[in-house]
Amino acid sequence: MEKRIQKSEILVYIFFIIITFCKGIGLAGSNNIYILCYAFGTFLIVMKLLKDRFNKKELWRIFSLMIIGIIDFVIGDVTTVLFTAISLCCLKNVNRENILKIMFMVRLISFLMMITLSLTGIINNEYIFHYRTGVGNIKRYCFGYSHPNLVHSSFSIIVFLFGYIYHKKINIFTVGIIETFNFILYKYTFSRTGFIILTLYLVLIYLYKKSKSIKKMIPKLLKVELILVILISIVLALSYTNSEFVKKLDVLLTGRLKYMNILIKNYRIPIIGSNSFNNIVLFDNGYFSMFYEGGLLASVWFIYYLAQTNKTLIKQNKEQKILLMIFFLFYCMFESYFMSILMNPTLIFIIDYIFEEKKINEENDGKIIINSSKNDITY
């Protein structure tokens with residue numbers, strides 16, 4: 001039996017194709033083209049929402065984030081929380097696996113397009129010189145993106161999604177091919193963090209398929225990982241000025257811990273997020289970005305609902321979702337992507353907890369009957 005795709009579902013797919021392509025070619029959230037595309041996509045989402053039905057609990061869960069996002073945007077000039085809220089609210093009764101497949105394919109196409117256009121000279125393949133201790137100045141290529149790190153991040157997200165969607169194809173051969181491309185790309189971007197993180201991911205997903213002990217350990221780790229990575233980030237930031245080990249570690253992390261130390265020592269976490277902190281430091285930690293750019297209200301929302309989502313994933317034994325979540329929580333210690341659904345696709349899994357999905361029953365004639373909740377109200 002094959003479930004027909006509803007017209008309202010197609011609107012969501014178009015929305016994700018547009019915004020994923022914009023992000024895939026490296027457009028920032030403040031870019032006017034990106035904002036216009038998001039505005040058009042939001043119009044499609046509104047058309048879909050007019051046909052959706054939410055119960056009171058669902059309305060509170062998702063539209064509380066929407067309100068926080070609007071406040072962050074109006075007061076703090078931060079768009080990330082609002083854009084993520086818009087993307088999440090449209091996902092009720094939508095096949096989320098299809099969304100992740102769309103994100104994978106569009107990101108792959110846009111990445112290959114940027115590499116091809118930059119190598120052929122159609123767009124500028126700009127480069128920067130970066131000084132590294134013990135190495136000197138190194139030449140780092142951008143391949144049409146705003147920064148070499150973004151090139152490697154884009155490639156990493158493609159591989160993360162590939163590992164989730166096509167996990168059955170992961171073997172020593174595919175791991176070897178991907179790691180070869182990872183190394184070749186590193187020789188142009190010299191993104192150490194991106195290269196190491198992706199290598200660790202490939203090792204993890206390969207060992208996960210081979211080792212029963214790792215399979216048992218991963219769900220246990222997810223139970224505590226969210227709080228653990230936040231605490232580690234805070235402790236490292238506080239220890240920067242007093243620990244030689246942390247300072248040496250910061251050399252490898254290209255100043256991430258120093259910036260985090262500046263924030264935590266000099267600025268309180270605001271209730272409402274603010275974009276002004278970008279003028280003070282570079283955000284390369286997703287949790288500090290959440291605290292300062294998203295604000296306390298957004299931080300509480302994300303931490304609570306992600307913790308509830310992790311409990312649900314463990315209870316339902318969603319192995320591939322657990323594995324992807326494990327690694328993205330770790331990855332966000334080194335990149336500022338935690339609140340962005342387009343850079344952190346695991347946020348889509350929150351929907352499994354937020355929305356009490358309608359039950360779909362199969363009848364003998366192949367039709368689908370949807371049982372609606374009595375508490376549903378029209379939005």
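As shown above, the structure is provided for reference.
On a predicted model such as this, the values are computed, not experimentally measured, just so you know. (Residues numbered from 1 in each chain as written. Predicted model: local features only at pLDDT ≥ 70, side-chain atom pairs only at ≥ 80, totals over all residues. Heavy atoms only, no water.)

## What about the overall build of the chain?
Stage number 1. Counting secondary structure elements, the chain contains 14 helices and 6 strands.
Stage number 2. For the chain, whose C-alpha radius of gyration is 21 Å, the value lies close to the compact-globule estimate of 21 Å for 379 residues.
Stage number 3. For the chain, the spread of C-alpha atoms along the three principal axes comes to 70 × 50 × 50 Å.
Stage number 4. A separation threshold of at least 6 residues defines the contact pool for the chain, and within that pool the share at least 24 residues apart is 69%.
Stage number 5. Accessible area of the chain: about 18,800 Å², with a carbon and sulfur share of 63%.
Stage number 6. Taking the 42 positively charged and 23 negatively charged side chains of the chain as two groups, their mean positions are separated by 4 Å. (Helix = DSSP H or I, 4+ residues; strand = E, 2+ residues; numbered from the N terminus. Rg over C-alpha atoms; globule rule 2.2 N^0.38 Å. Contact = heavy atoms within 4.5 Å. Areas by Shrake-Rupley, 256 points an atom, 1.4 Å probe, with all protein chains shown as cover. Lys, Arg positive; Asp, Glu negative; His and termini not counted. Charge placed at Lys NZ, Arg CZ, Asp CG, Glu CD.)

## Regarding the packing of aromatic side chains
Stage number 1. Inspection of every chain in the model, using the stated rule, returns 40 aromatic pairs.
Stage number 2. Ring centres of Tyr331 and Tyr337 lie 6.3 Å apart, and the angle between their planes is 55 degrees; this geometry places the pair in the tilted category. Comparing Tyr331 with Tyr337 shows no difference in burial state: the two are buried.
Stage number 3. The ring of Tyr353 is capped by Arg61, whose NZ or CZ atom sits 4.6 Å from the centre of that ring.
Stage number 4. Against the face of Tyr127 rests Lys139, its NZ or CZ located 4.1 Å from the ring centre. (Phe/Tyr/Trp six-rings, centres within 6.5 Å; stacked < 30°, edge-to-face > 60°. Buried < 20%, exposed > 50% of the residue type's maximum accessible area, 1.4 Å probe, protein only. Lys NZ or Arg CZ within 6 Å of the ring centre and 35° of its normal.)

## Some words on the nonpolar core
Stage number 1. Phe16, Leu91, Tyr287, Phe302 and Phe338 are the most contacted members of the largest nonpolar core, which has 116 residues in total.
Stage number 2. Discounting residues that sit within four places of it in the chain, Phe338 has contacts with Leu226, Gly286, Tyr287, Met290, Phe302, Leu306, Leu329, Cys332, Asn344 and Leu347. (Core = buried A, V, L, I, M, F, W, Y, C linked by side-chain atoms within 4.5 Å.)

## Details of the pattern of salt bridges
Stage number 1. This structure, assessed with the given rule, holds 5 salt bridges.
Stage number 2. Here Glu58 makes a salt bridge to Lys92, at a shortest N to O gap of 2.6 Å. Placement of Glu58 in helix H3 (residues 56-76) and of Lys92 in the loop between helix H4 (80-89) and helix H5 (96-119) is noted, with a sequence separation of 34 residues between them. By the burial criterion, Glu58 is buried, and Lys92 matches it.
Stage number 3. Between Arg256 and Glu335 there is a salt bridge, and its shortest N-O distance comes to 3.6 Å. Residue Arg256 is located in helix H11 (residues 256-266), and its partner Glu335 is located in the loop between helix H13 (319-331) and helix H14 (351-354); the two are separated by 79 residues in the primary sequence. Glu335 matches Arg256 in its accessibility class, with the two residues each being buried. (Salt bridge = Lys/Arg side-chain N within 4 Å of Asp/Glu carboxyl O.)

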